[in-house]
Amino acid sequence: QDSFRCHSVSLLAAEQQRDASRLEYSDKIILPPSCLEKLAQLEIQYPMMFQIANPRAMERKLHCGVLEFIAQEGMAYLPYWMMENLRVSEGDIIQLRSVNLNKGSYVKLQPQLTDFIKISNPKVVLEQSLRNFSALTKGQTFRILYNKKKYDIGVVE
């Protein structure tokens, strides 16, 4: 288990002139190179999965994957929706640990706005959007982008 100062992936995208939407609408985080070195010494399962927690509110936990190991030492970059779920702000401390998760066979999702149901084929949109996610955590609300509009989706079961 390690602690990191968290920042939104949008901040990293701005610094590196990258497309923020590719980073923002997934559950992939960006960690420092030292994490890869540390994880390589452990016998972990692939794909790499993590549990992120807010140390000031330990009931606030999410699961995620990693996109890259390019963050500055001591920092982790998270999609903003994850920061909202964890109730952390730019520069707050998060705790991260490697976990093995069982593959899910069922999920019950609930759009936070009825606008989502009005789109032409919400099932297909969800299926395509979920390809950007490694794990879902019951009680979390994740964000997807469709036709330049943001939709928050809750994980019920």
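What you are looking at is a predicted structure, and each value in this text was computed from that prediction instead of being measured. (Residues numbered from 1 in each chain as written. Predicted model: local features only at pLDDT ≥ 70, side-chain atom pairs only at ≥ 80, totals over all residues. Heavy atoms only, no water.)

Undergrad: Looking at this structure, I do not really get the overall build of the protein. What am I missing?
TA: Counting secondary structure elements, the protein contains 5 helices and 9 strands. N-terminal to C-terminal, the α/β element order of the protein is β-α-α-β-α-β-β-β-α-β-β-α-β-β. For 157 residues, the compact-globule formula gives about 15 Å, and the C-alpha radius of gyration of the protein, at 15 Å, lands near that figure. Taking all 157 residues of the protein together, the buried fraction comes to 43%. Restricting to contacts in the protein with at least 6 residues of sequence separation, those with at least 24 account for 72%. Counting only carbon and sulfur atoms, one obtains 48% of the accessible surface of the protein, whose full area is about 9,200 Å². Positive and negative side-chain charges in the protein, numbering 20 and 17 respectively, have mean positions lying 7 Å apart. (Helix = DSSP H or I, 4+ residues; strand = E, 2+ residues; numbered from the N terminus. Rg over C-alpha atoms; globule rule 2.2 N^0.38 Å. Buried < 20%, exposed > 50% of the residue type's maximum accessible area, 1.4 Å probe, protein only. Contact = heavy atoms within 4.5 Å. Areas by Shrake-Rupley, 256 points an atom, 1.4 Å probe, with all protein chains shown as cover. Lys, Arg positive; Asp, Glu negative; His and termini not counted. Charge placed at Lys NZ, Arg CZ, Asp CG, Glu CD.)

Undergrad: Explain the sheet that holds strand β8 (residues 141-146) here, please?
TA: One key point about sheets: their strands pair by backbone hydrogen bonds, in either a parallel or an antiparallel sense. Strand order across the open sheet formed by 3 strands is β7-β9-β8, with antiparallel pairing between neighbours. Two strands bound the open sheet, and with one partner strand each, they are β7 (109-111) and β8. Direction aside, neighbouring strands of the sheet carry axes that sit 35° apart on average. Relative to strand β9 (residues 149-155), β8 runs antiparallel, the two being bridged by 6 bridges. Bridge assignment links Ile144 to a residue of β9, and that residue is Tyr151. In the packing of helix α5 (residues 122-129) onto the sheet, contacts are made with β7, β8 and β9, and the angle to β8 comes to roughly 110°. (Pairing = 2+ DSSP bridges. Axes fitted to C-alpha atoms, helices over the stretch in contact; angles between N-to-C directions.)

Undergrad: Help me out: how do you make sense of the environment of Tyr46 in this one?
TA: Counting through the fold element by element, Tyr46 comes out in the loop between α3 (33-41) and β3 (50-54). Between the alpha carbons of Tyr46 and Gly65 there is a distance of 9.9 Å; along the sequence they are 19 residues apart.

Undergrad: Just to check I follow, could you spell out the nonpolar core for this structure?
TA: Across soluble globular proteins, nonpolar side chains have a tendency to be buried as a group. In this structure, Leu31, Ile52, Leu78 and Ile144 are the most contacted members of the largest nonpolar core, which totals 33 residues. Among the elements that take part in this core, helix α4 (residues 80-86) stands out by supplying 4 residues, more than any other. If near-sequence neighbours (up to four positions away) are discounted, Ile52 is found in contact with Ile29, Arg60, Lys61, Leu62, Cys64, Leu78, Met82, Leu86, Ile94, Gln95 and Leu96. Core analysis: the next-biggest nonpolar cluster, separate from the first, contains 8 residues, Ala13, Leu23, Ile30 and Ala71 among them. (Core = buried A, V, L, I, M, F, W, Y, C linked by side-chain atoms within 4.5 Å.)

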